Amino acid sequence: NNLALLLEDKGTFAGAKALYERAITVGCEALGPEHPDLATYLNNLALLLWQIPDIARAIPLQSRAIQILELRGDVALAAEYRRELDSLTAEREYPYLQIVFVDEYVATL
């Protein structure tokens, strides 16, 4: 995840995307599908996808990150992610899409 952040900062979006996807896969396997670190990985990938833009994939990933945090009781970070999502969807006028469960997403990688 940290290397992906570095690549994203340098504008190497394809490399960052691949590393975020790998972090999600490994995180899901090692930590479980509702671990707060996994929420961070999902949110980071979603924010990258907003930049590309791949909105259809970004919204459900960010929504799932929010759901994980709410389930874990991290209300403050969930609210921060929700504000980001609300801001980005309002700017682009995209409706919310269905929440993707992590195991379904990992299966697509």
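The residue numbering used here restarts from 1 in each chain and proceeds along that chain's sequence as written. Under the rules for a predicted model, residues below a pLDDT of 70 receive no local features and side-chain atom pairs below 80 are neither given nor counted, while totals for whole chains, interfaces and linings still include all residues. Only heavy atoms go into the side-chain values, all of them from the structure, while hydrogens and water stay out.

**Student:** Can you help me understand the packing of helix 1 (residues 2–9) against helix 2 (residues 13–31) in this one?
**Tutor:** When two helices pack together, their arrangement is given by the angle between their axes and by how far apart the axes lie. What counts as an axis is a line fitted to C-alpha atoms, over the stretch in contact for a helix, and the angles between N-to-C directions run from 0 to 180 degrees. Here a strand is any run of E in DSSP of at least two residues, a helix any run of H or I of at least four, and the numbering for each starts at the N terminus. Close contact between helix 1 and helix 2 brings their axes to 8 Å; oriented N to C, the two are set at 165°. Put simply, helix 1 runs roughly antiparallel to helix 2. Crossing angle aside, the handedness with which helix 1 passes helix 2 is left-handed. Contact residues: helix 1 offers Leu3, Ala4, Leu5, Leu7 and Glu8, while helix 2 offers Phe13, Gly15, Ala16, Leu19 and Tyr20. All residues other than Ala, Val, Leu, Ile, Met, Phe, Trp, Tyr, Cys, Pro, Asp, Glu, Lys and Arg, Gly among them, are scored as polar; the first ten of these are nonpolar and the last four charged. Class assignment of the residues belonging to the contact of helix 1 with helix 2 gives a composition of eight nonpolar, one polar and one charged. The cut-offs work like this: below 35 degrees is roughly parallel, past 145 is roughly antiparallel, 65 to 115 is roughly perpendicular, and the gaps in between are oblique. Put simply, a crossing is left-handed when the front helix is turned counterclockwise from the back one by less than a right angle, and right-handed when it is turned clockwise. Here a residue-residue contact requires only that any non-hydrogen atoms of the pair lie within 4.5 Å.

**Student:** Teacher, can you tell me more about the environment of Asp37 here?
**Tutor:** For Asp37, the position within the fold is in helix 3 (residues 36–51). Note on exposure labels: buried denotes an accessible area under 20% of the residue type's maximum, exposed denotes more than 50%, and partly exposed covers the range between, all computed with a 1.4 Å probe on protein chains only. You can call Asp37 partly exposed: its relative accessible area is 37%. The spatial distance from the C-alpha of Asp37 to the C-alpha of Gly27 is 7.5 Å, given a sequence separation of 10 residues.

**Student:** Teacher, can you tell me more about helix 3 here?
**Tutor:** Residues three or four positions apart in an α-helix share a direction because the helix packs 3.6 residues into each turn. Take the number of residues in a helix, subtract one, and multiply by 1.5 Å to get its expected span. Its 16 residues place the ends of helix 3 23 Å apart at the C-alpha level, agreeing with the 22 Å of an ideal helix rising 1.5 Å per residue. Listing the buried residues of helix 3 in full gives Leu38, Ala39, Tyr41, Leu42, Asn43, Asn44, Leu45, Ala46, Leu48, Leu49 and Trp50.

**Student:** Can you help me understand the pattern of salt bridges in this one?
**Tutor:** A side chain with one charge can pair with a side chain of the opposite charge if their charged atoms come near. In what follows, salt bridge is the name for a side-chain nitrogen of Lys or Arg lying within 4 Å of a carboxyl oxygen of Asp or Glu. Per the counting criterion, the structure on display carries five salt bridges. Between Arg64 and Glu34 there is a salt bridge, with the nearest N and O atoms lying 4.0 Å from each other. Within this pair, whereas Arg64 is found in helix 4 (residues 55–72), its partner Glu34 is found in the loop between helix 2 and helix 3, the two being separated by 30 residues in sequence. Arg64 sits in the buried class, given a relative accessible area of 3%. Assessed through its relative accessible area of 39%, Glu34 is described here as partly exposed. For Asp54, the salt bridge identified is with Arg57, shortest N-O distance 3.8 Å. What makes Asp54 partly exposed here is its relative accessible area of 25%. The class for Arg57 is partly exposed, based on a relative accessible area of 26%. Each member of the salt-bridge network shares a partner with another, and the members are Lys17, Glu21, Asp54 and Arg57.

**Student:** Whenever I open this one, the nonpolar core confuses me. Can you help?
**Tutor:** Burial of nonpolar side chains together is a common tendency in soluble globular proteins. In plain words, nonpolar cores are sets of buried Ala, Val, Leu, Ile, Met, Phe, Trp, Tyr and Cys residues tied together by side-chain atoms within 4.5 Å. Of all hydrophobic cores here, the largest spans 27 residues; its most connected members are Tyr20, Ile24, Leu38, Leu42, Leu45, Trp50 and Leu61. Among the secondary structure elements, those contributing two or more residues to this core are helix 2, helix 3, helix 4 and helix 5 (75–92).

**Student:** Sorry if this is basic, but what is going on with helix 4 here?
**Tutor:** Between its first and last C-alpha atoms helix 4 spans 26 Å; for 18 residues at 1.5 Å apiece the expected length is 26 Å, and the two agree. Burial in helix 4 covers these residues: Ile55, Ala58, Ile59, Pro60, Leu61, Gln62, Ser63, Arg64, Ala65, Ile66, Ile68 and Leu69.

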